[in-house]
Amino acid sequence: MNRKPVFMKIFMLCCIAVFLTGSVSAEERSIKRRKNAEEQRVALVIGNADYKDAPLRNPVNDAGDIADTLKQIGFEIIYKENAGRKEMEEAVREFGKQLGSGGVGLFYFSGHGLQLNGRNYLIPVDAKIESESDIDFETVDAGRVLGKMQDAENSLNIVILDACRNNPFSKGFKSLGAGSRGLAKMNAPAGSIIAYATSPDSTASDGTGKNGVYTQYLLKYMKTPGLTIENMLKKTRIDVARETGNKQIPWEHSSLMTDFYFTPAPEKESSLIVRPDVSDATVWINDKKMGTGTLNFRQIQPGVYRIKVERDGYLPYQTPLEIKEGEAKELPVYLAKPEPEPEPVPESVSPEKKIINSIGMEFVYIPPGTFMMGSPENGPGRDRDEKQHRVTLTKGFYMQTTEVTQGQWKAVMGNNPSYFENCGDNCPAERVSWDDVQVFIEKLNRKDGRNYRLPTEAEWEYACRAGSGTPFVFGKCLSADQANYNGKYPCKYPLFGCPKGEYRGKSVPVASFTPNAWGLYDMQGNAVEWCQDWYGDYPSGSVTDPAGPSSGSRRVGRGGGWNDGAAYCRSANRIRYSPDSRNDSLGFRPILPAGQQR
């Protein structure tokens, strides 16, 4: 029988997967998607294989396996196989009704399909297509399914079309020509992903096994926990390309704005271990007494907790602690004994200028005094947390002339955590946390019979400045000949005009540069130095002997390190870290209150 010529080009829909989201507003979509994991999932699955003139082998197998998999992962299933046009249309209508209850909707079709002038058509098994004019009356427009999904305004809608592998009608359509293959490109609407089993203008393999090549790997990765749609399709693409020798390359166009998981990753339980160094210390969480000693809290809810540990004869420890979902956190707690009040030094007796303790740590005396802490509002390179205010320190103290060295750390702790271990015993001990430093000081106190501690921020800046009021100890600029820092960055607005210098890229032996006026080396550069304080806002007015906030989540570091630009080495600059932070430019130097030097 002669067939009517067709003057408009028709292309086959070859193994495509289209993922679409309903056309609701961006705000509504955002709100709904946050509920994705808890909402109803509904799927319509159709597999057509028994075409009279062009039967297919795998669509019914593919559809059946997809339906079984979706059911296992929480979808309610409407399933049809070898469906005629009327049955397909009724199924689409029923699907649209169920979508009205919200949640996630999924449509899967496996069988023959056509594309005519940019519109896509799904072919029922009873279709009789002899000319272009038959298409509207013998097929189901894919746009009808999408329209149902858009009407439902679900949180997420997914359409997967695994269409035919070749065009059974091409002989009847002269306009197609021998070389016309594949599917024309489709753009993904906002919040959706369109995935094709093969690239545009290419055909896909029906496979030699039970399933088509593309659906075979969709099934595999759809059941893999913790894969987003994007990752699932990426893994599918890799395996399909490998199996077909790169003849079939799945392809996607995406504008998704949220994650969707067919099979979410198993939820991990959050846990917390509080481990005090004093065995009978009492642990409180959110002001509730939980017990004594090391406590292990399993299945703890994510959130921020107030942790307090106390024991008679020790200073109380308290800190806020955030526990994230699935996080296993351990909190070591080091309790410190309160410092005994030092005996006042008689006015007639001048303090020693320097002392050297039993392991060779040298300390220099820093006299009491008053200074302007922080930086002026128009100060070069100033940060907002440097509010300038007057500070009076009523008691002198001894500060170590250098950062604690690797050799000194080993003498006390018996190990060396430093990244630049090959630098030698005279290089700063680094990669030590604030918590680690407390253990070091406690052991040093027992070993040397004194009560060392970290300096407060005020004590550190007062000692660093040594009477100077400029951004750096040595003036407006910091030369790479004066300190070990990243000399490539001597400037930060408005520190223009400072010359560039050497960047050594590592720590160097302590006391390699000129000390400040009080004999302290490397107060700027080489290693950031821990302070005793919790980080917090400065006071508005004048203060005497400040010790910082009573609690917090981060401790203060000062002075900048070998890898920092000049702005981070300024006398007023403040750096904040979690107490358990460690890095290769983070060290410390202790102080000894006056009166304990003998």
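What counts and how
- Just so you know, the residues in each chain are numbered from 1, in the order the chain's sequence is written.
- Given that this is a predicted model, residues contribute local features only at a pLDDT of at least 70 and side-chain atom pairs are listed and counted only at 80 or more, while totals for whole chains, interfaces and linings are drawn from all residues.
- Neither water nor hydrogens contribute to the side-chain values; these are computed over all heavy atoms in the structure.
- Helical segments are the DSSP runs of H or I of at least four residues, strand segments are the runs of E of at least two, and each set is numbered from the N terminus.
- Contacts are assigned to residue pairs that have any heavy atoms within 4.5 Å of one another.
- Only the protein chains shown count as cover for residues, and the accessible areas themselves come from Shrake-Rupley with a 1.4 Å probe.
- When accessible area is computed with a 1.4 Å probe and restricted to protein chains, residues below 20% of their type maximum are described as buried, those above 50% as exposed, and intermediate ones as partly exposed.
- Only when DSSP finds a minimum of two bridges between them are two strands counted as paired.
- Only the stretch in contact is used when a helix axis is fitted, and all axes are lines through C-alpha atoms; the angle between N-to-C directions ranges over 0 to 180 degrees.
- Under this definition, polar contacts are N or O atom pairs within 3.5 Å; protein pairs additionally need one hydrogen-donor-capable and one acceptor-capable atom, and for neighbouring residues in sequence, both atoms have to be side-chain atoms.
- When the sulfur atoms of two cysteines come within 2.5 Å, that pair is taken as a disulfide.
- Ring pairs shown here join Phe, Tyr and Trp side chains whose ring centres sit within 6.5 Å, with only the six-membered ring taken for Trp; geometry is labelled stacked below 30 degrees between planes, edge-to-face above 60, and tilted in between.
- Put simply, a charge is over a ring when the Lys NZ or the Arg CZ is close to the ring centre, within 6 Å, and near the line of the ring normal, within 35 degrees.
- Salt bridge, as applied in this entry: a Lys or Arg side-chain nitrogen positioned within 4 Å of an Asp or Glu carboxyl oxygen.
- Reported orientations rely on four angle classes, namely roughly parallel under 35 degrees, roughly antiparallel over 145, roughly perpendicular from 65 to 115, and oblique for the rest.
- Helix crossings fall into two classes, left-handed where the near helix is turned counterclockwise from the far one by less than a right angle and right-handed where it is turned clockwise.
- Predictor confidence is given residue by residue as pLDDT, running from a minimum of 0 to a maximum of 100.

The next point concerns the overall build of the protein. A tally of regular secondary structure across the protein gives ten helices and 29 strands. Across the protein, every contact between residues at least 6 apart in sequence was considered, and the portion connecting residues at least 24 apart equals 70%. Accessible area for the protein stands at about 27,500 Å²; split by element, carbon and sulfur atoms hold 47% of it.

On to unusual backbone geometry. Not every positive phi belongs to a glycine, and Asn286 is a case in point at roughly 50 degrees. Along the chain, the position of Asn286 falls in the loop between strand E13 (282-285) and strand E14 (288-292). Assessed through its relative accessible area of 32%, Asn286 is described here as partly exposed. The residue Asp287 is not glycine, and still its phi comes out positive at about 65 degrees. Its place among the elements puts Asp287 in the loop between E13 and E14.

Moving on to the sheet that holds strand E24 (residues 528-534). Hydrogen bonding along the main chain pairs the strands of a sheet, whether they run parallel or antiparallel. One open sheet holds the four strands; their spatial order is E27-E26-E24-E28, and the pairing between them is mixed. The open sheet has two edge strands with one neighbour each: strand E27 (575-577) and strand E28 (586-587). Across two bridges, the pairing between E24 and E28 is parallel. Its bridge partner being in E28, Val528 is matched across the sheet by Leu586. On top of the sheet, helix H9 (residues 434-448) reaches E24 and strand E26 (555-558); it is set at about 85 degrees to E24, its chief contact.

All of the buried residues in helix H5 (residues 142-152) are Ala142, Val145, Gly147, Met149 and Ala152. Where H5 is buried, its residues touch helix H3 (85-99), strand E5 (104-110), strand E7 (119-122), strand E8 (140-141) and strand E9 (156-162). With a side-chain oxygen positioned 2.8 Å from the backbone nitrogen of Gly143, the residue opening H5 is Asp141. Just beyond H5, the residue with positive phi is Glu153, at close to 50 degrees.

Taken as a whole, this structure holds one disulfide when the rule is applied. At a sulfur-sulfur separation of 1.8 Å, the disulfide partner of Cys423 is Cys427. Taking the sign of the S-S torsion, about -50 degrees here, the bridge from Cys423 to Cys427 comes out left-handed. Judged by its relative accessible area of 28%, Cys423 falls in the partly exposed class. Residue Cys427 is classed as buried on the basis of its relative accessible area, which comes to 0%. Lacking any disulfide linkage, Cys464 is separated from the closest cysteine sulfur, that of Cys569, by 9.8 Å. Overall, the relative accessible area of 0% leaves Cys464 in the buried class. With a relative accessible area of 0%, Cys569 lands in the buried category.

Turning to the side chain of Gln438, a few remarks are in order. When you line up the elements, Gln438 lands in helix H9. In contact with Gln438, other than residues within four places in its own chain, are Tyr334, Leu454 and Gln532.

On to the packing of aromatic side chains. What the rule picks out here adds up to eleven aromatic pairs. Centre to centre, the rings of Tyr419 and Phe420 are 4.9 Å apart; their planes meet at 90 degrees, and the pair counts as edge-to-face. Classification of Phe420 by relative accessible area gives buried; the value is 13%. Aromatic side chains Phe420 and Trp562 sit 5.3 Å apart centroid to centroid with 85 degrees between the ring planes, which places their arrangement in the edge-to-face category. You can see Phe420 sitting in the loop between helix H8 (406-413) and H9 and its partner Trp562 sitting in the loop between E26 and E27, a full 142 residues away along the chain. By the burial criterion, Phe420 is buried, and Trp562 matches it. Members of the aromatic cluster, connected to one another through ring pairs, are Phe371, Tyr462 and Trp518. Its end group placed over the ring of Trp284, Lys308 keeps NZ or CZ at 5.3 Å from the ring centre. If you follow Arg555 out to its NZ or CZ, it ends over the ring of Trp434, 3.7 Å from the centre.

So, about the pattern of salt bridges. Summed over all chains, the structure comprises 27 salt bridges. Across the salt bridge formed by Arg275 and Glu330, the nearest N and O atoms sit 2.5 Å from each other. With a gap of 55 residues between them, Arg275 in strand E12 (residues 271-276) and Glu330 in strand E18 (residues 328-333) connect regions that are remote in the sequence. With a shortest N-O distance of 2.9 Å, Glu459 and Arg453 are connected by a salt bridge.

In this structure, Pro546 sits in the loop between strand E25 (543-544) and E26. On the accessibility criterion, Pro546 (22% relative accessible area) is partly exposed. C-alpha separation for the pair Pro546 and Val391, spaced 155 residues apart in sequence, amounts to 7.7 Å. Those residues in contact with Pro546 that sit more than four places away from it in its chain are Val391, Leu393, Thr456 and Ala458.

So, about the packing of helix H6 (residues 213-222) against helix H7 (residues 229-243). For the pair H6 and H7, the least separation of the axes is 9 Å and the interaxial angle reads 140 degrees. With respect to H7, the axis of H6 lies oblique. In this structure, the crossing between H6 and H7 has a hand that is right-handed. Where H6 abuts H7, its residues Val213, Tyr214, Gln216, Tyr217, Leu218, Lys220, Tyr221 and Met222 lie against Met232, Leu233, Lys235, Thr236, Asp239, Val240, Arg242 and Glu243.

Further remarks concern the environment of Ala328. Inspection of the secondary structure assignment puts Ala328 in strand E18. For the pair formed by Ala328 and Ile300, sequence separation is 28 residues and the distance between their alpha carbons is 9.6 Å.

A few words on the confidence of the model for the protein. Across the protein, pLDDT averages 82, with 82% of residues at or above 70. Mean pLDDT across the secondary structure elements of the protein bottoms out at helix H1 (residues 26-33), with 34, and peaks at E24, with 97. Note on residues 176-180: pLDDT under 50 across the span, and seven contacts to partners over four residues away in sequence or across chains.

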